[in-house]
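Architecture at a glance
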Amino acid sequence: MSAGRKIRLVVLISGRGSNLQALLDRATSGELPVEVAAVISNRPGVHGLERARRAGVPALELDHQDFVDRPAFEAALIELIDRHQPDLVALAGFMRVLTAGFTTHYRGRLLNIHPSLLPKFRGLHTHERAIAAGETEHGASIHFVTAELDGGPVIVRARVPVLPGDDPDTLAARVLEQEHHLYPLAIRWFAEGRLRLDGGQVWFDGEPLREPLWLDSEAHHIANAIDSDPSGRAWDNPLARVSR
Ligand code: GAR
């Protein structure tokens, strides 16, 4: 993408939509060079749709239960998404497994946020499983979506400690706070043309990414300072926000 241009983003949700809200807020403030072209939920009436409406974004429902099978649902979903001509599609708490037909159609322009330090804990109940496994660290990951469930190339991760006495809810809340920084960051990189998928390889700033990046806590403080920096200059330095 050329500098200064906004990309068109379609966000797929299934529920609460707090990650969607993080994206909407940063798009509205101008911090994220995206136009949220549509929000689509496979579950009718969820709170995320209300968040989209409040932001003046088309909020669309496509109930998977109205379709005979997964391919039929996905064909309708592709049609609905493509009507909005997205440069990027972001899964934000979208809780449907996607077939290879869908993921191939959007290859290289489909991102997901997953609440674990991938490749650990693919699938559901990640917080509960991290505690049960005795992990001392947990977190969230952004990855390009491929046909393998939660298995596509990982771009950037955020970690949090697992604290004594944590239950799945307290741990989920700590992870979610990081998610709200992580997803806007990755989408910003994509919008700025700094991030792409070529074959199975992620490229970042013109170089193959050998290991996923980290959003670390030190960078996080800097990020907060940057958020209140009207010049926005510090945003341009990826090392201010991530570590390799
Ligand atoms: C988030 O924690 C997201 O990482 C997770 O669902 C939650 C949605 O919250 N996604 C997955 O588990 C995908 N497998 P939100 O609706 O408030 O953004």
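Refer to the structure above for everything that follows.
A quick note: this is a predicted structure, and the numbers were derived from the prediction, not measured. (Residues numbered from 1 in each chain as written. Predicted model: local features only at pLDDT ≥ 70, side-chain atom pairs only at ≥ 80, totals over all residues. Heavy atoms only, no water.)

Turning our eyes to something else, we now look at the sheet that holds strand β7 (residues 154-161). The strand order across the open sheet formed by 8 strands is β3-β2-β1-β4-β5-β6-β7-β11, and the pairing between neighbours is mixed. With one partner strand each, in any of the chains shown, β3 (59-61) and β11 (213-215) form the two edges of the open sheet. Neighbour to neighbour, the strand axes of the sheet diverge by 25 degrees on average, direction disregarded. Taken together, the 4 bridges between strand β1 (residues 7-13) and strand β4 (residues 88-91) define a ladder with parallel strand orientation. (Pairing = 2+ DSSP bridges. Helix = DSSP H or I, 4+ residues; strand = E, 2+ residues; numbered from the N terminus. Axes fitted to C-alpha atoms, helices over the stretch in contact; angles between N-to-C directions.)

A word on the site of the ligand. Near the ligand, the surroundings consist of Arg16, Gly17, Ser18, Asn19, Gly93, Met95, Ile113, His114, Pro115, Leu176 and Glu179. The side chain of Arg16 places a nitrogen or oxygen atom 2.6 Å from an oxygen atom of the ligand. In the environment of the ligand, an oxygen atom lies 2.9 Å from a nitrogen or oxygen atom belonging to the backbone of Asn19. Bound to the protein, the ligand loses 87% of the 450 Å² it would expose on its own. With respect to the detected pockets, the ligand is housed in the largest pocket. Among the secondary structure elements, those contributing two or more residues to the shell around the ligand are α1 (18-29), β5 (110-114) and α6 (168-191). Grouping the amino acids of the shell around the ligand by side-chain chemistry returns 4 nonpolar, 5 polar and 2 charged. (Near = heavy atom within 4 Å. Polar contact = N/O pair within 3.5 Å; in protein donor to acceptor, adjacent residues only side chain to side chain. Areas by Shrake-Rupley, 256 points an atom, 1.4 Å probe, with all protein chains shown as cover. 1 Å grid on protein atoms, 1.4 Å probe; cavity = no way out; pocket = protein on both sides within 12 Å on 5 of 7 lines; lining within 4 Å. Sits in = over half its atoms within 2 Å of the grid points. Nonpolar A, V, L, I, M, F, W, Y, C, P; charged D, E, K, R; others polar.)

Time to look at the layout of surface pockets. Gaps left between atoms show up when a probe the size of a water molecule is rolled over them. A volume near 1,000 Å³ is recorded for the largest pocket. Gly93, Met95, Ile113, Pro115 and Leu124 are the residues nearest the centre of the largest pocket, which is lined by 39 residues in total. For the lining of the largest pocket, the secondary structure elements donating two or more residues are α1, β5, α5 (126-132) and α6. The element best represented in the lining of the largest pocket is α6, accounting for 6 residues. Tallied by class, the residues present in the lining of the largest pocket amount to 17 nonpolar, 15 polar and 7 charged. (Points joined across faces, edges and corners; volume = space filled by probe spheres on them.)

Below, the discussion takes up the sheet that holds strand β9 (residues 201-204). Strand order in the open sheet formed by 3 strands is β8-β9-β10, and the pairing between neighbours is antiparallel. A single partner strand is all that each edge strand has here, and the edge strands are β8 (195-198) and β10 (207-208). Summarising the sheet, β8 and β9 pair through 4 bridges and their orientation is antiparallel. Looking at β9, one finds that Asp198 is bridged to Gln201.

If you walk through the whole model with that rule in mind, you get 3 aromatic pairs. Looking at Arg159, its charged tip hangs above the ring of Trp214, at a distance of 3.8 Å from the centre. One Lys or Arg, Arg196, reaches over the ring of Trp203 and ends 5.0 Å from the middle of that ring. (Phe/Tyr/Trp six-rings, centres within 6.5 Å; stacked < 30°, edge-to-face > 60°. Lys NZ or Arg CZ within 6 Å of the ring centre and 35° of its normal.)

With that settled, the discussion passes to the packing of α1 against α6. Closest axis-to-axis distance for the α1/α6 pair is 9 Å, and the angle between their directions is 50 degrees. Viewed along their axes, α1 and α6 adopt a mutual orientation that is oblique. Classified by chirality, the crossing of α6 by α1 is right-handed. Residues Ser18, Asn19, Ala22, Leu23 and Arg26 of α1 pack against Leu176, Glu179, His180, His181, Tyr183, Pro184 and Ile187 of α6. (Parallel < 35°, antiparallel > 145°, perpendicular 65-115°, else oblique. Left-handed = near helix turned anticlockwise from the far one by under 90°. Contact = heavy atoms within 4.5 Å.)

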